[in-house]
Amino acid sequence: MTTRTPVEPARESDTAAIRSLLDESSAAWMRGDGTAYGRCFTEDATDVTFVGTVYRGGEEIGRAHQALFGGFLKGTRLTLDITDIRFYGTDTAVVVTRGDVGKGRPKRLGKLATYTVVRDAGGRWLIAAVQKTQHRRLMEAVSFRFQPATRPAAR
């Protein structure tokens, strides 16, 4: 599931299509369908996982995730809340999400992901790149306390 973020009216249909794309990827994850998950990515996409593995291309991303869905990730769901969508031109956007993976709805969305999404020649939005990272709240708090200038303006 994704949450609403403010968007300029002229981009509402693009924003809805991007939300739909990420919902589609979450639904494929929940079904354990690596092929459908991989179809959410471009042919030359880059997926940098939470553990630092780099997969390239929708086919490889789908294949690898199918193996994960049969093992470590079996029965899990991908929960995403979109925190920001920024458009760069007519066919590219950067999407920031908070999320997590688990057997049910997580108590805390402890991971962040930055997606670069692009519109293909057929008009469909696809994931061109995603980078996932763990949100280290304690380290962040220490940094902000001892170096207040490191605190982002938007919180």
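This text follows the structure it describes.
Here is what the cut-offs are and how they apply
Residues numbered from 1 in each chain as written. Predicted model: local features only at pLDDT ≥ 70, side-chain atom pairs only at ≥ 80, totals over all residues. Heavy atoms only, no water. Helix = DSSP H or I, 4+ residues; strand = E, 2+ residues; numbered from the N terminus. Buried < 20%, exposed > 50% of the residue type's maximum accessible area, 1.4 Å probe, protein only. Contact = heavy atoms within 4.5 Å. Areas by Shrake-Rupley, 256 points an atom, 1.4 Å probe, with all protein chains shown as cover. Core = buried A, V, L, I, M, F, W, Y, C linked by side-chain atoms within 4.5 Å. Salt bridge = Lys/Arg side-chain N within 4 Å of Asp/Glu carboxyl O. Pairing = 2+ DSSP bridges.

## Here we look at the overall build of the protein chain
- Helix and strand counts for the protein chain stand at four helices and six strands.
- Ordering the α and β elements of the protein chain from the N terminus gives α-α-β-β-α-β-β-β-β-α.
- Within the protein chain, buried positions represent 40% of all 155 residues.
- Here the contacts in the protein chain between residues at least 6 apart in sequence split such that 50% fall between residues at least 24 apart.
- When the accessible surface of the protein chain is split by element, carbon and sulfur atoms take 55% of a total near 9200 Å².

## Comments concerning the nonpolar core
- Of all hydrophobic cores here, the largest spans 28 residues; its most connected members are Ile18, Phe41, Val95, Tyr115, Val117 and Ile127.
- Mapped by element, the contributors of at least two residues to this core are helix 1 (12-31), helix 2 (34-38), strand 1 (41-48), helix 3 (58-69), strand 3 (77-87), strand 4 (92-102), strand 5 (111-119) and strand 6 (125-134).
- The contact partners of Phe41, leaving out residues within four places of it in the chain, are Gly58, Ile61, Leu126, Ile127 and Val130.

## Considering the pattern of salt bridges
- Overall, the coordinates contain nine salt bridges when judged by the stated rule.
- Between Asp14 and Arg11 there is a salt bridge whose closest N-O contact spans 3.0 Å.
- The partner of Asp14 in a salt bridge is Arg119, with the nearest N and O atoms 2.9 Å apart. Of the two residues, Asp14 sits in helix 1 while Arg119 sits in strand 5, which places them 105 residues apart along the sequence.

## Remarks on the pairing of strand 1
- Alignment of strand 1 against strand 6, held across four bridges, turns out to be parallel. Among the inter-strand pairings, Phe41 is bridged to a residue of strand 6, identified as Ile127.
- Here three bridges tie strand 1 to strand 2 (residues 54-56), and the two strands are oriented antiparallel to one another. Each residue of the ladder has a partner; that of Asp47, found in strand 2, is Tyr55.
- Taking the residues that link successive antiparallel strands as the turn, the strand 1-strand 2 hairpin has five residues, and the phi of Gly52 there is positive, at about 100 degrees.

The values are spatial; any link to function lies outside them.
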